[in-house]
Amino acid sequence: MSPFDEYLHAVIMRAHLEARDDGSPTVEVAHLLLAVATEPEPSVHSVLSAAGLDRDGVRAALEREFEHSLNVVGVSAAGHDLPRPSRLPTKPALGTSAKLALERGFGAVSRKKDLRPAHVLLGILSAQAGTVPRALALAGVDQEDLAARTRLALTDDND
Amino acid sequence: MSDAEVPVPTDPADALAAVAALRRLADRLEDAAVEQAMRAGWGWPRVAEALGVTRQAVYKKHAQRLIAAGVKLRRREG
């Protein structure tokens, strides 16, 4: 496996864990974002940490987005106190939003061998709507700027 | 805002995000509630009727998870 393939595999495995912890039957783009914030890859972490987005920062931003979106229609996330359900024993499938993020990341290069870890982050940051853009906005992170910094890191990487 | 009022989102992005968040909350609540009912000895037909779905649908969605969690499942109606 190429270093990129190894990174991608690690990110997807991590995203599976995040989805299971979340009780989600599918891996969504939010789980991918948590995964890239967790996997120790310097080229990705330098971009994320400059925006204050370590794993805890991403988790807090996503949780805030969930609560905020529920509050819009007068619902509280803490509205029930049932015991936490057991986790799925199987690996969650890749969901639509995660597939789209990966396709966008892969689409940023014309040759597969040019793919770098930061392309996964770039694909995630290409989301036009949904939980990730909203979570970033609520956390005060400029998504466009973050994507630009990711592209810059990729350019530097190629030199 | 009084307790009786439900806010109406004016931004479509807010309204769509609320739909996604409510589905997620409903899924979480369903997982927790079905597990609680099955641990309390309910059978699949009763859980299905309570949710307004078929027995096959509720079984397909939850059986694997509950079996893996070691929940004793009733074969017959309870």
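Notes on the structure follow. (Residues numbered from 1 in each chain as written. Chains lettered and ligands numbered in written order. Predicted model: local features only at pLDDT ≥ 70, side-chain atom pairs only at ≥ 80, totals over all residues. Heavy atoms only, no water.)

1. Brief notes about the nonpolar core
So, step 1. Of all hydrophobic cores here, the largest spans 41 residues; its most connected members are Leu32, Val36, Leu48, Val120, Leu121 and Ile124 of chain A.
So, step 2. Mapped onto this core, the elements with two or more residues apiece are helix 1 (3–21), helix 2 (29–38), helix 3 (42–50), helix 4 (55–71), helix 5 (96–106), helix 6 (117–125), helix 7 (131–138) and helix 8 (143–158) of chain A.
So, step 3. With eight residues, helix 2 of chain A is the single largest residue contributor to this core.
So, step 4. With sequence-adjacent residues up to four places away left out, Leu121 of chain A is seen in contact with Leu33, Val36, Val44, Val47, Leu48 and Thr150 of chain A.
So, step 5. Ranked by size, the runner-up nonpolar core spans ten residues in total, among them Val34, Trp44, Ala63 and Leu66 of chain B. (Core = buried A, V, L, I, M, F, W, Y, C linked by side-chain atoms within 4.5 Å. Buried < 20%, exposed > 50% of the residue type's maximum accessible area, 1.4 Å probe, protein only. Helix = DSSP H or I, 4+ residues; strand = E, 2+ residues; numbered from the N terminus. Contact = heavy atoms within 4.5 Å.)

2. So, the pattern of salt bridges
So, step 1. For the structure shown, the criterion picks out 15 salt bridges over all chains.
So, step 2. Of the charged contacts in the structure, one is a salt bridge between Glu65 of chain A and Arg134 of chain A, with a shortest N-O distance of 3.1 Å. Of the two residues, Glu65 of chain A is situated in helix 4 and Arg134 of chain A in helix 7; the sequence distance between them amounts to 69 residues.
So, step 3. On the basis of relative accessible area, Glu65 of chain A is assigned to the buried category, the value being 4%.
So, step 4. Where Lys61 of chain B meets Glu30 of chain B, a salt bridge forms, and the shortest distance between an N and an O atom there is 3.3 Å. Of this pair, Lys61 of chain B sits in helix 3 (residues 55–68) while Glu30 of chain B sits in helix 1 (residues 12–39); the two residues are 31 residues apart in sequence, bridging distant segments of the chain.
So, step 5. Taken together, the shared-partner salt bridges connect Asp31, Glu35, Arg39 and Arg65 of chain B into one network. (Salt bridge = Lys/Arg side-chain N within 4 Å of Asp/Glu carboxyl O.)

3. Looking at the packing of helix 4 of chain A against helix 7 of chain A
What describes two packed helices is the angle between their axes and the distance between those same axes.
Residue and element names in this part refer to chain A.
So, step 1. Their axes nearest at 8 Å, the elements helix 4 and helix 7 cross at an angle of 100 degrees. By the angle between their axes, helix 4 is roughly perpendicular relative to helix 7. The segment helix 4 lies against helix 7, with Ala61, Leu62, Arg64, Glu65, His68 and Ser69 engaging Thr131, Arg134, Ala135 and Leu138.
So, step 2. Class assignment of the residues belonging to the contact of helix 4 with helix 7 gives a composition of four nonpolar, three polar and three charged. (Axes fitted to C-alpha atoms, helices over the stretch in contact; angles between N-to-C directions. Parallel < 35°, antiparallel > 145°, perpendicular 65-115°, else oblique. Nonpolar A, V, L, I, M, F, W, Y, C, P; charged D, E, K, R; others polar.)

4. Re helix 2 of chain A
So, step 1. Counting buried residues along helix 2 of chain A, nine of its ten residues qualify, which places the element largely inside the surrounding structure.
So, step 2. Buried within helix 2 of chain A are the following residues: Val29, Ala30, His31, Leu32, Leu33, Leu34, Ala35, Val36 and Ala37 of chain A.

5. Observations regarding the environment of His45 of chain A
So, step 1. Along the chain, His45 of chain A turns up in helix 3.
So, step 2. Excluding anything up to four places from it in sequence, His45 of chain A contacts Val36, Ala37, Thr38, Glu39 and Pro40 of chain A.

6. Some points on the packing of aromatic side chains
So, step 1. Considering all chains together, one arrives at two aromatic pairs over all chains under this definition.
So, step 2. Measuring from ring centre to ring centre gives 6.2 Å for Phe4 of chain A and Phe106 of chain A, while their planes differ by 80 degrees; the resulting arrangement is edge-to-face. Of this pair, Phe4 of chain A sits in helix 1 while Phe106 of chain A is found in helix 5, placing the two residues 102 residues apart along the sequence.
So, step 3. By relative accessible area, Phe4 of chain A is classed as buried at 6%.
So, step 4. For Phe106 of chain A, a relative accessible area of 33% gives the class partly exposed.
So, step 5. Between Trp44 of chain B and Tyr59 of chain B, the ring centres sit 5.3 Å apart and the planes meet at 75 degrees, which makes this aromatic pair edge-to-face. Remark: Tyr59 of chain B occurs in helix 3 and Trp44 of chain B occurs in helix 2 (residues 44–51); sequence separation between them is 15 residues.
So, step 6. The class of Tyr59 of chain B is partly exposed, set by a relative accessible area of 36%.
So, step 7. The side chain of Arg24 of chain B reaches across the aromatic face of Phe66 of chain A, ending 4.3 Å from its centre. (Phe/Tyr/Trp six-rings, centres within 6.5 Å; stacked < 30°, edge-to-face > 60°. Lys NZ or Arg CZ within 6 Å of the ring centre and 35° of its normal.)

7. Quick look at the interface of chain B and chain A
So, step 1. With 23 residues of chain B in contact, the opposing surface of chain A contributes 23 residues.
So, step 2. Counting each side, the surface lost to burial between chain B and chain A is near 2,100 Å², with a carbon and sulfur contribution of 66%.
So, step 3. Linking chain B to chain A there are three salt bridges.
So, step 4. One salt bridge connects Asp22 of chain A with Arg24 of chain B, and the closest N-O pair in it is separated by 3.0 Å. (Buried area = accessible area lost by both parts, 1.4 Å probe.)

Geometric descriptors of this kind do not, in isolation, establish any biological role.
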